[in-house]
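Chain and residue survey
Listed here are the chains, written in short residue letters.
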Amino acid sequence: MRGKDSGGREAVRPVTGLIPNWDEETIEEMLGEMGVGSVEELFRDVPELALLRESPDIGEGGDEVSVEAEAEKILGRNLGAWNLKCFMGGGSWDHYVPALVDEVSGKQEFYTAYTPYQPEISQGSLQALFEYQSLICELTGMEAANSSLYDWSTALGEAARMALRVTRRRVLVVPRSAHPERLEVLRTYVGPHAEIREINFDRSRGTVPLDRIEEAVDEDTAMVYLEYPNFFGVAEEPVEGAADAVHRAGGLMVVGVDPSALGVLRAPGEMGADIVVGEGQPLGLYMSYGGPYLGIFATRAEPRLIRQLPGRVIGMTRTADGRRGYVMTLQTREQHIRQERATSNITTNEALMAIRAAVYLALLGPSGMRTLGEKILANSHYLQRRISEIPGLSAPRFDSFHFKEFLVSAESVDWRAAVRRLVERGILIGPWVGRWFPELGDSVLIATTERHSKADLDALVAALGEVK
Amino acid sequence: MEGEFRQARWAAGRDILEPTLFELSHGDGYYRFRVEPELLEELGVDSPEELVPENLMRRDLRLPSLAAPEVARHFSRLAEMNYGVDSGSYWLGSCTMKYNPKLHERLAALPQVTRLHPYQPEETVQGALQIMFELAEMLAKLTGLPHYTLQPAAGAHGEFTGALMIRAYHEDRGESQRDEMLIPVSAHGSNFASAAMAGFKVVKIPSDERGRVDMAALREAVGERTAGMMLTNPNTLGLFETEILDIADLVHGAGGLIYYDGANLNAILGRVLLSDMGVDVAHLNLHKTFSAPHGSGGPGAGAVGVVDGLKDFLPVPLVRRGENGYYLDYSVPKTIGRVRAFYGNFGVVVKAWAYLKRLGSEGVRAVSGAAVLNANYVLSKVRRLRGVSIQYGAEDPCKHEFVISLKTLRRETGVRALDIAKRLLDLGVHPPTMYFPLIVEEALMIEPTESDSKRELDRYVAALERALREAYEDPDILKTAPRSTAVGRLDEVLAARKPILSWRMYERLQEQA
Ligand SMILES: Cc1ncc(COP(=O)(O)O)c(C=O)c1O
């Protein structure tokens, strides 16, 4: 290639097997039929000044064999949950992914399709997404859901924006015990026009006390947000009280959930939530170094909420002759119609991840979700007890009910170094929370999932005893 | 070629193709995780439930209950009632529905990708950081924009990120009065929405009769309040903005910045640097140009690149290479903050990396060459068909896509672009994007991509030709289309008037009826 061949035309060499028409003969034939002299002629409207004579150098292309080999070599430098035991938490967890979930999301009909703009030929993804919405509603105790946002953090950002729109107010009351990165995203999403009132958590219990919430709520409050469980693994207990307080003041209650807890913990819909957001990653998605994930977004069925939903929503409808079918609906909220007055800019979402979650929830059903929660609870409570028996360590740091993760603290341990020493023993824990909470510099987050056996937990306890 | 196409149509009953999971439900659960009895013994409880405080205990969980084979069949049947890129051609304009190389799926499914926790110590994720770093480096070379973040999860998310950076840039220079974002009327809806979300007032710039930015109107619009302009080039009509250098000069001259929407990068990959067009900040859709699949709507990834002058505003963290390997750098002085937790859709990033490794310098140019060749080839045939007109830029070559207007067809036969689209479904090809951009009447936006062979291009043209012919000869076929798909036309008005967004809402309505 390098520029042009002697005929003043770009030399053509078939590359990669991905581009069927890219050979001299086919190009000639097509140009001949069009009455055009060369491919370059098709770029004649590009100003000469901007037109490159040759491609920027990104290296030579490879065949499948060599690209796979290179990828495996680079990725082979990673360590992770396939060769270490992963007890990490903080918004991403090493849950088990049933094989059926991979099987379904690997079907080309789902993963290569676009957004279902033509419903007649896309009933498969439309129904799967409607079922996803329905399953999320059952799990969270809500009535309406959208078909996904990017992740929990952006779902929170959208919930805050929605609360500002619905209430036409400007104050957002948020707990300091929420995931710090989520709160950062919330700030980015609402910008300078909203006021964020951050409430501190109780130093001994790790949750925000109801009286502090009640104090912070007034007639300017658009929403109160709580996480269930929160960043420290504690189920924020005053959800109901907070909901009462914010409802009395005319604002909205937004609850963020880890759905893996909802087989054993009460649904936020029962506790007064108006909007539920959350992270779908535990529902059949891998950790994947942080993404792709699945932003859960569900609300009550009130029209003032439904008409303000961000993102795509699938609805059930009928054909003229009465057959049931599904379509994307309430599209007048969306950017392609409403433009700058849309409820959100989101277009591409995480549909395939939502389909994965639907398969996961369908497969597990009520017994799977309940025993998932039970196994995690048994693991986590056993682990809390055993770790607290290690001299010098205390677990959980907070005196509250914890679900799958909790803080372990120690006065004399440098956790950043200990985390690395544990890697050498085949174990991942963390993150160290002093990174975000200076007053918790002595604490590290440890999570357990249904992947862990008692032997795994005992191995962690033994290793912690050695590195502390 | 006149073949016949039929999509699978499962039929559980007269009115139902496939029952919902809720209708298929029976029993009270089949799947179980086993709690080790030793744990319960150690904890001194009979059941883990006892560990939950009374006031937090879940009482009822109305999830459907199915055994694994039933779940597998249910979703297989649904899949059979869905059409993907591997089913056949899928020329959705603006969406770049190219083939998704299977190697990338295999790589992204490796445990070395999937089973990495985002907070692992950096020395344990050197491979992941290297992939991110190398992709950013290749994107920088391909665009001329030296600095990248991979944090945004999609194109629109990238627009929001870019718009926030533009705002931060002006505020930093003490020019916070710059609150207007200029956007051509032909732009994608997300541009307007993203600018508004970032706090800008949107100023719409009309198109001229050639389908390009109306320079006179732009001259009128720029001024002290101009923060920037959002553009895609080629634009949504598939036409190159020939005045791009003047546009950039004009906006820069007024103190504004140029945002580039990379949705249409496939047309100019390896042929034009964004930096040479005066672009200051751009997003690239890794799920369009860079071959990652669309997943029935997502996930995607929206890499954002910037010139030197904006690098201090990028979201944190950034992946860098230091003496001891790759690391995450949180010390970006004037960062706009985070737009998402963690670092972006890494699983998608791997696919884009593999694509560029596979193509290399030569391959990227072949992509844009073939994409533009294919589009012009199809345009040369389609423009001659009865009922079709080209509303803008009829004299110019198109780039990777083009937009036809069926207003003549509508006037002459009463058949709309929508009807033609529905008929194309019967003829075995996925219809083009409809009614976008809004400035073209009865628009169909056609983007063949580089993935389809000449034979497939001819087959598509034949299908379109047939549908148009039928419009003149037997319009009823079109108005009642499609018939070969799993279901016929659906009542979208009903769906919006009486929203049923979940099985709960459906049951509630049933009870009321
Ligand atoms: C021109 C244009 N701009 C922006 C977008 C938004 O990108 P995404 O869907 O990745 O958010 C799209 C696609 O939907 C598009 O076609």
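Residues numbered from 1 in each chain as written. Chains lettered and ligands numbered in written order. Predicted model: local features only at pLDDT ≥ 70, side-chain atom pairs only at ≥ 80, totals over all residues. Heavy atoms only, no water.

What to know about the overall build of chain B
How we decide: Numbering of helices and strands starts at the N terminus; helices are DSSP runs of H or I of at least 4 residues and strands are runs of E of at least 2. For this measure, only C-alpha atoms enter the radius of gyration; the expected value for a globule follows 2.2 Å times N^0.38, where N is the number of residues. The rule is simple: take the accessible area with a 1.4 Å probe, protein chains only, and divide by the maximum for that residue type; under 20% is buried, over 50% is exposed, in between is partly exposed. In what follows, a contact means two residues having at least one pair of non-hydrogen atoms within 4.5 Å. Only the protein chains shown count as cover for residues, and all accessible areas are computed by the Shrake-Rupley method using a 1.4 Å probe. We treat Lys and Arg as the positive residues and Asp and Glu as the negative residues; His and chain ends play no part in the count. Charge placement uses NZ in Lys and CZ in Arg. For Asp and Glu, CG and CD serve respectively.
The helix and strand tally for chain B stands at 17 helices and twelve strands. In terms of overall dimensions, chain B is globule-like: its C-alpha atoms have a radius of gyration of 26 Å, near the 24 Å expected for 513 residues. Here chain B holds 513 residues, and the buried ones make up 67% of them. Pairs at least 24 apart in sequence give 70% of the contacts found in chain B among residues at least 6 apart. Summed over all atoms, the accessible surface of chain B reaches about 16900 Å², with 46% contributed by carbon and sulfur. Between the centroid of the 59 positive side chains of chain B and the centroid of its 68 negative side chains there is a distance of 5 Å.

Quick notes on the sheet that holds strand 12 (residues 443-446) of chain B
All names here are of chain B. Defined as follows: Should DSSP find at least two bridges between two strands, the strands are regarded as paired.
Pairing in this open sheet of three strands is antiparallel, and the strands run 10-12-11 from one edge to the other. Edge positions in the sheet fall to strand 10 (402-405) and strand 11 (433-434), since each of these pairs with one other strand and no more. Here four bridges tie strand 10 to strand 12, and the two strands are oriented antiparallel to one another. Bridge pairing in strand 12 links Ser-405 to Ala-443.

Describing helix 14 (residues 454-467) of chain A
Because the α-helix completes a turn every 3.6 residues, residues three or four places apart line up on one side. Applied cut-off: Expected helix span is taken as 1.5 Å per residue step, with the number of steps being one fewer than the number of residues.
Across its 14 residues, helix 14 of chain A extends 20 Å between first and last C-alpha, which sits within 8% of the 20 Å expected from 1.5 Å per residue. At its buried positions, helix 14 of chain A is contacted by strand 1 (85-88), helix 12 (351-388), helix 13 (415-424), strand 12 (427-430) and strand 13 (443-447) of chain A together with helix 2 (37-43) of chain B.

A closer look at a negative patch on the surface
All names here are of chain A. Worth spelling out the cut-off: To count toward a patch, a residue needs a relative accessible area above 30% and no salt bridge. Like charges then connect within 9 Å, nonpolar side chains (Val, Leu, Ile, Met, Phe, Trp, Tyr) within 5 Å. In the sections that follow, a salt bridge refers to a side-chain nitrogen of Lys or Arg positioned within 4 Å of a carboxyl oxygen of Asp or Glu.
On the surface, Asp-211, Glu-214, Glu-215 and Asp-244 cluster together into a patch of negative charge. Here the negative patch gets three residues from one element, more than from any other, and that element is helix 8 (residues 210-216). One can find Asp-244 in helix 9 (residues 239-248). Take Asp-244: its relative accessible area is 46%, and that puts it in the partly exposed class.

Topic: the packing of aromatic side chains
This is how the line gets drawn: Working definition: rings of Phe, Tyr and Trp (its six-membered ring) pair if their centres are within 6.5 Å, and the pair is stacked with planes under 30 degrees apart, edge-to-face with planes over 60 apart, and tilted otherwise. Only when the NZ of Lys or the CZ of Arg is both within 6 Å of the ring centre and within 35 degrees of the ring normal is a charge said to sit over the ring.
All chains considered together, the criterion is met by 25 aromatic pairs over all chains. Plain terms: the ring middles of Phe-201 of chain A and Phe-437 of chain A are 5.9 Å apart, the flat faces sit at 70 degrees to each other, and that makes the pair edge-to-face. Pair noted here: Phe-201 of chain A is in the loop between strand 4 (195-199) and helix 8 and Phe-437 of chain A is in the loop between strand 12 and strand 13, with a separation of 236 residues, a long-range link. We note that Phe-201 of chain A, like Phe-437 of chain A, is buried. Every member of this aromatic cluster is reached through a ring pair, and the members are Phe-201, Phe-231, Phe-232, Tyr-289, Tyr-293, Phe-398, Trp-436 and Phe-437 of chain A together with Tyr-119, Phe-342, Tyr-343 and Phe-346 of chain B. One cation-aromatic arrangement involves Arg-182 of chain A over Trp-152 of chain A; the distance from NZ or CZ to the ring centre is 3.4 Å. The ring of Trp-432 of chain A is capped by Arg-416 of chain A, whose NZ or CZ atom sits 4.0 Å from the centre of that ring.

Comments concerning the site of the ligand
Applicable threshold: We call a residue near a molecule or strand when any one of its heavy atoms sits within 4 Å of it. Definition of a polar contact: a pair of N or O atoms within 3.5 Å, with one able to donate and the other able to accept a hydrogen when the atoms are protein atoms, and with sequence-neighbouring residues admitted only if both atoms are side-chain atoms. For this classification, Asp, Glu, Lys and Arg are treated as charged, while Ala, Val, Leu, Ile, Met, Phe, Trp, Tyr, Cys and Pro are nonpolar and the rest, including Gly, are polar.
Within the structure, the ligand sits among 15 residues, and Thr-348 of chain A together with Ser-94, Asp-261, His-287 and Lys-288 of chain B are positioned closest to it. Each of chains A and B places residues next to the ligand. Thr-348 of chain A places a polar side-chain atom, nitrogen or oxygen, 2.5 Å from an oxygen atom of the ligand. Contacts to the ligand include His-188 of chain B, whose side-chain N or O atom sits 3.4 Å from an oxygen atom. By residue number, the principal contributor to the shell around the ligand is helix 7 (residues 155-172) of chain B, which donates three residues. The class makeup of the residues in the shell around the ligand is four nonpolar, eight polar and three charged.

Brief notes about the nonpolar core
Heads up, the condition is: To qualify as a nonpolar core, a set must consist of buried Ala, Val, Leu, Ile, Met, Phe, Trp, Tyr and Cys residues joined through side-chain atoms within 4.5 Å.
Counting 345 residues, the largest nonpolar core has Trp-415, Ile-429 and Ile-446 of chain A together with Phe-290 and Ile-420 of chain B as its most contacted members. For Trp-415 of chain A, the contacting residues outside a window of four places in its chain are Leu-393, Val-408, Ser-409, Ala-410, Ile-429, Trp-432, Gly-441, Asp-442, Ser-443, Val-444 and Leu-464 of chain A. In this structure, Tyr-114 and Ile-121 of chain A together with Val-85 and Leu-92 of chain B belong to the second largest nonpolar core, which totals eleven residues.

Section: the confidence of the model for chain A
Selection criterion: The predictor attaches a confidence to each residue, and that confidence, scored 0 to 100, is pLDDT.
Overall, the prediction assigns chain A a mean pLDDT of 95, with 97% of residues at 70 or greater. Predicted confidence for residues 1-8 of chain A stays below pLDDT 50, and this span has 18 contacts to residues more than four positions away or in other chains.

Considering unusual backbone geometry
Here Ala-395 of chain A and Pro-396 of chain A are connected by a cis peptide whose omega angle stands at -15 degrees. Of note, Pro-396 of chain A is situated in the loop between helix 12 and strand 11 (405-409). Here the bond from Gly-430 of chain A into Pro-431 of chain A is cis, since omega is 5 degrees, no more than 30 degrees from zero. Mapped onto the secondary structure, Pro-431 of chain A falls in the loop between strand 12 and strand 13. With a phi angle near 55 degrees, Tyr-435 of chain B is a residue other than glycine that sits in the positive phi range.

A word on the interface of chain B and chain A
Using the following cut-off: Using a 1.4 Å probe, buried area is obtained as the accessible area two parts lose upon being combined, added over both of them.
With 216 residues of chain B at the interface, the matching set in chain A holds 208 residues. Buried surface at the junction of chain B and chain A, both sides included, amounts to about 18200 Å², of which 62% is carbon and sulfur. At the junction of chain B and chain A, the tally comes to 17 salt bridges. Across the pair Lys-204 of chain B and Glu-340 of chain A runs a salt bridge, and its minimum N-O distance is 3.3 Å. Residue contributions to the side of chain B that touches chain A peak at 27 residues, all from helix 11 (residues 346-382) of chain B. Residues of the side of chain B that touches chain A, tallied by class, amount to 116 nonpolar, 51 polar and 49 charged.

Topic: the pattern of salt bridges
All names here are of chain B. Within the structure shown, the criterion is met by 67 salt bridges over all chains. Notably, a salt bridge pairs Glu-18 with Arg-77, separated by 2.8 Å at the nearest N-O pair. Remark: Arg-77 occurs in helix 3 (residues 68-80) and Glu-18 occurs in the segment before helix 1 (21-24); sequence separation between them is 59 residues. What makes Glu-18 buried here is its relative accessible area of 3%. In this structure, the salt-bridge partner of Glu-507 is Arg-62, at a minimum N-O distance of 3.2 Å. Remark: Arg-62 occurs in the loop between helix 2 and helix 3 and Glu-507 occurs in helix 17 (residues 503-512); sequence separation between them is 445 residues.

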